[in-house]
Amino acid sequence: MFNRRKFIQLSAVGASLTALSKSAVAKTLISPPASTPPIVISTWDFGIPANKEAWKVLEKGGRALDAVEAGVRVPEADMNNHTVGRAGYPDRDGHVTLDACIMDEFGNCGSVAAIENIAHPISVARLVMEKTPHVMLVGDGARQFALEHGFKREKLLTAESEKAWKEWLKTAKYSPVMNIENKQHAPGNKYNHDTIGMLAIDAKGNISGACTTSGMAFKLHGRVGDSPIIGAGLYVDNEVGGATSTGVGEEVIRNVGSFLVVELMRQGLSPEDACKEAVNRIIKKKPETAKNIQVGFLAINKKGEYGAYAIQQGFSFAVCNADKQDLLIKGKSFY
Ligand code: ASP
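Residues numbered from 1 in each chain as written. Predicted model: local features only at pLDDT ≥ 70, side-chain atom pairs only at ≥ 80, totals over all residues. Heavy atoms only, no water.

Time to look at the sheet that holds strand 7 (residues 234-237). Taking strand neighbours across the sheet as the criterion, the five strands line up as 7-8-9-10-13 in an open arrangement whose pairing is mixed. The strands lining the two open edges of the sheet, one partner per strand, are strand 7 and strand 13 (332-333). Looking at chain direction, strand 9 (residues 295-301) and strand 10 (residues 306-310) are connected through five bridges and run antiparallel. Counterpart to Ile300 in the pairing with strand 10 is Tyr306. (Pairing = 2+ DSSP bridges. Helix = DSSP H or I, 4+ residues; strand = E, 2+ residues; numbered from the N terminus.)

If you want it as structure tokens, here you go:
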């Protein structure tokens, strides 16, 4: 029987359902896309094949840490990729020096910088994390550590990279200036697709990240960018989310960019808004410099919401989860 008491109860339920659906609608409108883990995202179009490799780990219930390592090894091995890994362009003196770092859900991290003759710096970074009491090894010491752990010593300078370097030498007068003087190799343009930064959440909801690069083409020998620096090129906090960056590393380091993005997400900003604020910081500090450089941030929060923001147009990121396997998203930008 439909009595008044029951009617009030039903009305209350109805009202709260209405309120709920209204707030759900509002949330849908204001929130960035959310995804049920597992999910993997990474910078640039070469993130698509990298994500696919990471996805093989994630779909089997594997750990995000294993996924990001496996994922970024794809561009590291790609002989056509001149900004990440073994076929990366050399520095001003003709040395191919690689930078990488990795971070897991426990806050463990490992990094190598300016390592030579080793094709997969990300795996060396992981070993630094797991086999040493240190976070970072650089240069000869990093190579020595890698060789001691069974990595193969290889000549990394490919014929194609050597040719590009020699071309650059003809006009650059041996003086790299953020390598934007040579438009063909300007950070962020289609020939210089920069770093792969990858973030993954596994089926257990744990987050890890990896970042690997050959750095700026024709940099000064010994120059290290943001990519192997925890907090600059990559940061993960399993309670909040993760962030990574690409572009001119000096500006990212100055602003401790990826740490900043994660802290902004902790304060409640969406991943995209956090990335935007980090980009704005860079622009505010050096507005003239910012006009001619690219920096892009990519972030994911604990809920699987993701977003990105860059200084210049042209930044893109790849997403892979159970629904979408080959998604490439155009990042929003200040200019
Ligand atoms: N962020 C890297 C660096 O500065 C390279 C890049 O993404 O352009 O070394």
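More follows now that the structure is in view.
Before going further, it helps to spend a moment on the site of the ligand. Every residue close to the ligand is listed here: Asp194, Thr195, Thr213, Gly215, Met216, Arg223, Gly225, Asp226, Ser227, Thr246, Gly247 and Gly249. Contact distances for the ligand include 2.7 Å between a nitrogen atom and a side-chain N or O atom of Asp226. For the ligand, an oxygen atom lies 3.1 Å from a polar atom in the side chain of Thr246. Contact with the protein chains hides 99% of the accessible area of the ligand, taken as 270 Å² for the molecule alone. (Near = heavy atom within 4 Å. Polar contact = N/O pair within 3.5 Å; in protein donor to acceptor, adjacent residues only side chain to side chain. Areas by Shrake-Rupley, 256 points an atom, 1.4 Å probe, with all protein chains shown as cover.)

With that settled, consider the packing of aromatic side chains. The tally for this structure, following the rule as stated, stands at six aromatic pairs. Between Trp168 and Phe218, the aromatic rings sit 4.8 Å apart at their centres with planes inclined by 25°, giving stacked as the arrangement. Residue Trp168 is found in helix 6 (residues 159-172), and its partner Phe218 is found in the loop between strand 6 (207-213) and strand 7; the two are separated by 50 residues along the sequence. Take Trp168 and Phe218: they sit in the same class, and that class is buried. For the pair Tyr306 and Phe317, a centre-to-centre distance of 6.1 Å together with 75° between the ring planes defines the contact as edge-to-face. Taken together, the residues span a long stretch of sequence, with Tyr306 in strand 10 and Phe317 in strand 11 (residues 316-321) at a distance of eleven residues. One exposure class covers both Tyr306 and Phe317, and it is buried. (Phe/Tyr/Trp six-rings, centres within 6.5 Å; stacked < 30°, edge-to-face > 60°. Buried < 20%, exposed > 50% of the residue type's maximum accessible area, 1.4 Å probe, protein only.)

Here we take up the environment of Ala64. By the secondary structure assignment, Ala64 is in helix 3 (residues 64-77). By relative accessible area, which is 1% here, Ala64 ends up buried. Excluding anything up to four places from it in sequence, Ala64 contacts Leu58, Ala200, Ile201, Asp202, Asn206, Ile207 and Ser208. (Contact = heavy atoms within 4.5 Å.)

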